[in-house]
Each structure stands twice: as structure tokens, then as C-alpha cells.
Amino acid sequence: MNNDDVSVLKSFRDPLIGLPVSHLWRGAGSAIFLEFGRLTARTRRDGTPGNPAGEFGLMIEWSWRIEDSTSILCGSWSDEALWQPNFDLVRNKLLIELSIVGRLPEIVVALSDDLYVSSFMTADGGPVWALKDRREATMRTLCVKQGRLELSIYPPTNKSAASGP
């Protein structure tokens, strides 16, 4: 990572330290969403309640795993019966470190009680994850494009409208 990448990562990492995983939910397929900090209610376009959004959110589209200090507890290719019990382990844990590893940037979230959530792409292309900072009216998103970290800034939107479940 170059100095700009380190600076951008630090601008996400530092305010995340100490925040809880307030909500964790499964999206389409094996995609998972971790919501950190204070939650805001969301409503789907059809008017039904959606999943709440945290101050920060991490989406890992597929190829992820949950680890403890000695083993992989489950991952996107594990038996789905293992997912919910391990999602329950992760919920309410505090984020103690956020790092990027590998030549192609994968994200690693270190949590209290020696738990970790990692992106771990195994398909062609590149890692598919996005970290969102929703604390301000203008949302910032950090993701991977063409093997490099990319920061995107989005103008304010109606936060009550959400397409996620």
C-alpha cells in the first residue's frame, strides 16, 4: 500500500476501533453485512422494514470466513447450518483492529474474544468487499478496484430508503 492508501485506511480504521458489531445479516447468496456502532432503521422501497444500517458497514460479497485464534469456524463455502451460530458469536463483539492483507487487498476485522472476520476471494477477478462510513451526510466507501484500494464519496441520500432486506 502506498502512503495515500494507508492514510485512507487509517481514516476508516481509527473511528471503528471500539465499536460493536451491532448487527450482522446475510444478503443474497453468501454475501454478509456487518453493521458497526449506532444503528439507524431502514425501510425497503415496498415499505417493509429493512435491516438497520450502522455508522459503519462492511459488505463481503462472497468468499469470507470467521476464525478464532486457532481455526476457521466457518466460511462462505461451509455448510450453511454453521453460519447462524457463528454469526451469533460475532454479534456484539468490539472491533479491535482493521487491516488490509495480501498483494490483492483483503480485509481482516479483528474482534474481541479472539474472533476474526476476513474476506478471502477464491474466484477469478479480485476481492469483493466494501467498507462504508455513514456517519456524515456524505457517505464514503472503501473497496477494491483493479487490485487497488479505491475511495468513493457519495452525495447525501434519503437514509430511510434501502434496498437491502
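Model, not experiment: these values are computed from the prediction.

**A closer look at the overall build of the chain**
Next up, step 1: Each helix and strand in the chain was counted, giving two helices and 13 strands.
Next up, step 2: What you see for the chain is a C-alpha radius of gyration of 15 Å, in line with the 15 Å of a compact globule of 165 residues.
Next up, step 3: Based on the C-alpha atoms only, the size of the chain along its principal axes is roughly 40 × 40 × 35 Å.
Next up, step 4: Taking all 165 residues of the chain together, the buried fraction comes to 44%.
Next up, step 5: With an accessible surface of roughly 8,700 Å², the chain has 54% of that area assigned to carbon and sulfur atoms.
Next up, step 6: With 18 positive and 20 negative side-chain charges, the chain shows a separation of 6 Å between the mean positions of the two kinds.

**Observations concerning the sheet that holds strand 11 (residues 139–145)**
Next up, step 1: With antiparallel pairing, six strands are arranged side by side in an open sheet as 1-2-4-10-11-12. Among the strands making up the open sheet, the edge pair consists of strand 1 (21–26) and strand 12 (148–154). Pairs of neighbouring strands in the sheet enclose a mean axial angle of 15°, with direction left out of account.
Next up, step 2: Relative to strand 11, strand 10 (residues 129–133) runs antiparallel, the two being bridged by four bridges. Among the inter-strand pairings, A130 is bridged to a residue of strand 11, identified as C143.
Next up, step 3: Lying over the sheet, helix 1 (residues 3–16) contacts strand 2 (32–36), strand 4 (56–60), strand 10, strand 11 and strand 12, oriented at roughly 130° with respect to strand 11.

**Things to note about the nonpolar core**
Next up, step 1: With 31 residues, the main nonpolar core has L34, F36, L58, V117, W129 and L131 as its most contacted residues.
Next up, step 2: The contacts of L34, once residues within four sequence positions are left out, are V21, H23, L24, F56, G57, L58, V90 and V117.

**Brief notes about the pairing of strand 8 (residues 106–111)**
Next up, step 1: In terms of burial, strand 8 is largely enclosed, as six of its six residues are buried.
Next up, step 2: Burial of strand 8 is two-sided: the residues E106, V108 and A110 facing one way and the residues I107, V109 and L111 facing the other way are all buried.
Next up, step 3: Note that strand 7 (residues 95–101) and strand 8 share six bridges and pair antiparallel. The partner of I100 across the bridge, within strand 8, is I107.

**So, the packing of aromatic side chains**
Next up, step 1: Using the criterion set out here, one finds four aromatic pairs in the structure.
Next up, step 2: Where W64 meets F87, the ring centres are 5.8 Å apart and the plane angle is 45°; that geometry is what we call tilted. One end of the pair, W64, is in strand 5 (residues 64–67); the other, F87, is in helix 2 (residues 83–90), and 23 residues separate them in sequence. Take W64 and F87: they sit in the same class, and that class is buried.

**Observations regarding the pattern of salt bridges**
Next up, step 1: With the rule as written, the count across this model stands at eleven salt bridges.
Next up, step 2: The shortest N-O distance in the salt bridge between R148 and D5 comes to 3.8 Å. In this pair, R148 sits in strand 12 while D5 sits in helix 1, placing the two residues 143 residues apart along the sequence.
Next up, step 3: The network of salt bridges with common partners includes K10, R13, D14 and E97.

**Focus: the sheet that holds strand 5**
Adjacent strands of a sheet form backbone hydrogen bonds with each other and so pair up, either parallel or antiparallel.
Next up, step 1: The strand order across the open sheet formed by five strands is 6-5-9-8-7, and the pairing between neighbours is antiparallel. The sheet is open, and its two borders are formed by strand 6 (72–75) and strand 7, each paired with just one other strand. On average, each strand axis in the sheet is inclined to that of its neighbour by 15°, with strand direction left out of account.
Next up, step 2: In this sheet, strand 6 lies alongside strand 5 in antiparallel orientation, the contact comprising three bridges.

**As for the environment of A123**
Next up, step 1: With respect to the secondary-structure elements, A123 resides in the loop between strand 9 (115–119) and strand 10.
Next up, step 2: For the pair A123 and S63, spaced 60 residues apart in sequence, the C-alpha separation works out to 8.1 Å.

Calculation rules
- Residues numbered from 1 in each chain as written.
- Predicted model: local features only at pLDDT ≥ 70, side-chain atom pairs only at ≥ 80, totals over all residues.
- Heavy atoms only, no water.
- Helix = DSSP H or I, 4+ residues; strand = E, 2+ residues; numbered from the N terminus.
- Rg over C-alpha atoms; globule rule 2.2 N^0.38 Å.
- Buried < 20%, exposed > 50% of the residue type's maximum accessible area, 1.4 Å probe, protein only.
- Areas by Shrake-Rupley, 256 points an atom, 1.4 Å probe, with all protein chains shown as cover.
- Lys, Arg positive; Asp, Glu negative; His and termini not counted.
- Charge placed at Lys NZ, Arg CZ, Asp CG, Glu CD.
- Pairing = 2+ DSSP bridges.
- Axes fitted to C-alpha atoms, helices over the stretch in contact; angles between N-to-C directions.
- Contact = heavy atoms within 4.5 Å.
- Core = buried A, V, L, I, M, F, W, Y, C linked by side-chain atoms within 4.5 Å.
- Phe/Tyr/Trp six-rings, centres within 6.5 Å; stacked < 30°, edge-to-face > 60°.
- Salt bridge = Lys/Arg side-chain N within 4 Å of Asp/Glu carboxyl O.

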